[in-house]
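Here are the chains, one letter per residue:
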Amino acid sequence: MYIVMLGAPGTGKGTVGGLLSKELNIPHISSGEIFRNYIKKHNKLGKEIESYITEGKLVPDELAIQLIEKRLEEPDTKNGAILDGFPRTENQAIVLNKFLEEKGKRINIAVDLSLPDKEIIDRIVKRRTCPNTECREIYNIDFKPPKVDGICDKCGTKLIQRIDDNEETVKQRLETYHTISEGLIKYYKKQDILYTVKLNNKSDLTTLDIVEDIKEYLNKN
Ligand code: AMP
């Protein structure tokens, strides 16, 4: 089973994707995290990726596709994966479909989480992330603060603010997202696998509710 998580940064793709991964027992693959891990290597490729990410721009399609396909060849994806942040362009979506088709597989659902931009900016600048890849817990200094300031409740790792989680970069990331997402959403709508969840900060729809609704959709389709 392959699930694609669409939605602007800060809409909760990572949290929903993480929970779905545990429930369905398939890996949660975040393209942003893959790129951040390359950045940590401090080599030529890492520096190239960093230059795009710090400016809020997309990593070029060719490079993004190459690195994600490499990840999708790993044995833990034999039963599928939750793709979080990939595809981000219609071209990436077309290439991904072809890649899966060649393996006799397909995308079962494309989940589009939508939230007003103003609320996204507020969420992201207050977001703190656990950098431990086994944990990845996400906090918000206002509505989900850690028990001990700056420390992950779950694993004790020092929390970080991502290099691109500042207001200026977020605005650029949102502009990039809105410019390209339309085509991507239309692409999945046409294939009849688009599942939209409209959110706002006052909505009482929890992560758990969203995951249950997605599972119900998957059972029916
Ligand atoms: P994310 O963690 O999904 O918010 O991604 C962080 C950053 O990584 C984005 O702002 C882009 O610069 C880059 N990125 C993530 N996924 C992709 C993708 N599929 N294609 C191109 N760039 C990406």
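Going by the structure above, here's the rest.
Rules used throughout
- Residues numbered from 1 in each chain as written.
- Predicted model: local features only at pLDDT ≥ 70, side-chain atom pairs only at ≥ 80, totals over all residues.
- Heavy atoms only, no water.
- Helix = DSSP H or I, 4+ residues; strand = E, 2+ residues; numbered from the N terminus.
- Rg over C-alpha atoms; globule rule 2.2 N^0.38 Å.
- Contact = heavy atoms within 4.5 Å.
- Areas by Shrake-Rupley, 256 points an atom, 1.4 Å probe, with all protein chains shown as cover.
- Lys, Arg positive; Asp, Glu negative; His and termini not counted.
- Charge placed at Lys NZ, Arg CZ, Asp CG, Glu CD.
- Near = heavy atom within 4 Å.
- Polar contact = N/O pair within 3.5 Å; in protein donor to acceptor, adjacent residues only side chain to side chain.
- Nonpolar A, V, L, I, M, F, W, Y, C, P; charged D, E, K, R; others polar.
- Axes fitted to C-alpha atoms, helices over the stretch in contact; angles between N-to-C directions.
- Parallel < 35°, antiparallel > 145°, perpendicular 65-115°, else oblique.
- Core = buried A, V, L, I, M, F, W, Y, C linked by side-chain atoms within 4.5 Å.
- Buried < 20%, exposed > 50% of the residue type's maximum accessible area, 1.4 Å probe, protein only.

(A) Spatial organisation of the overall build of the protein chain. For the protein chain, the helix and strand inventory stands at 8 helices and 7 strands. The C-alpha radius of gyration computed for the protein chain amounts to 17 Å, which stays within 12% of the reference 17 Å derived for 221 residues, consistent with globular compactness. Once the C-alpha set of the protein chain is aligned to its principal axes, its extents read approximately 45 × 45 × 35 Å. Contacts in the protein chain between residues far apart in sequence, at least 24 positions, make up 71% of those at least 6 positions apart. When the accessible surface of the protein chain is totalled, it reaches about 12,100 Å², and 50% of it is carbon and sulfur. Between the mean site of the 36 positive side-chain charges and the mean site of the 36 negative ones, the protein chain shows a separation of 2 Å.

(B) Local environment of the site of the ligand. Contacts to the ligand come from 16 residues, most closely from Ser31, Lys57, Val59, Gly85 and Gln92. Between Gly85 and the ligand, the recorded distance is 2.9 Å, taken from a backbone N or O atom to a nitrogen atom. Here Gln92 contributes a side-chain N or O atom positioned 2.9 Å from a nitrogen atom of the ligand. When the free accessible area of the ligand is taken as 480 Å², the share hidden by the protein chains comes to 96%. The element that contributes the greatest number of residues to the shell around the ligand is helix H2 (residues 31-40), accounting for 4 residues. When its residues are assigned to classes, the shell around the ligand shows 6 nonpolar, 4 polar and 6 charged.

(C) Representation of the packing of helix H5 (residues 90-101) against helix H7 (residues 167-190) within the structure. Orientation of H5 relative to H7, taken along the N-to-C sense of each, is 35°, at an axis distance of 8 Å. Counted together, Glu90, Ala93, Ile94, Leu96 and Asn97 of H5 and Gly183, Leu184, Tyr187 and Tyr188 of H7 form the full contact between these two elements.

(D) Just the environment of Lys189, in detail. Mapping Lys189 onto the fold places it in helix H7. A C-alpha to C-alpha distance of 8.8 Å links Lys189 and Ala110, two positions 79 residues apart in sequence.

(E) Broad picture of the packing of H2 against helix H4 (residues 61-72). Taken N-terminus to C-terminus, the directions of H2 and H4 make an angle of 100°; their axes are 11 Å apart at the nearest point. As summarised for this structure, H2 and H4 are arranged roughly perpendicular, according to the angle between their axes. Within the contact between the two elements, H2 uses Ser31, Ile34, Phe35 and Tyr38 and H4 uses Ala64, Leu67, Ile68, Lys70 and Arg71. The class makeup of the residues in the contact of H2 with H4 is 6 nonpolar, 1 polar and 2 charged.

(F) Geometry of the nonpolar core. Ranked by internal contacts, the top residues of the largest apolar core, which has 56 residues, are Ile49, Leu72, Leu96, Val111, Tyr188 and Ile214. In this structure Tyr188 touches Val4, Leu6, Pro87, Ala93, Leu96, Ile107, Ala110, Ile193 and Leu194, once residues within four positions along its chain are discounted. In terms of nonpolar packing, the next biggest core, distinct from the first, is built from 5 residues, Cys130, Cys135, Cys152 and Leu159 among them.

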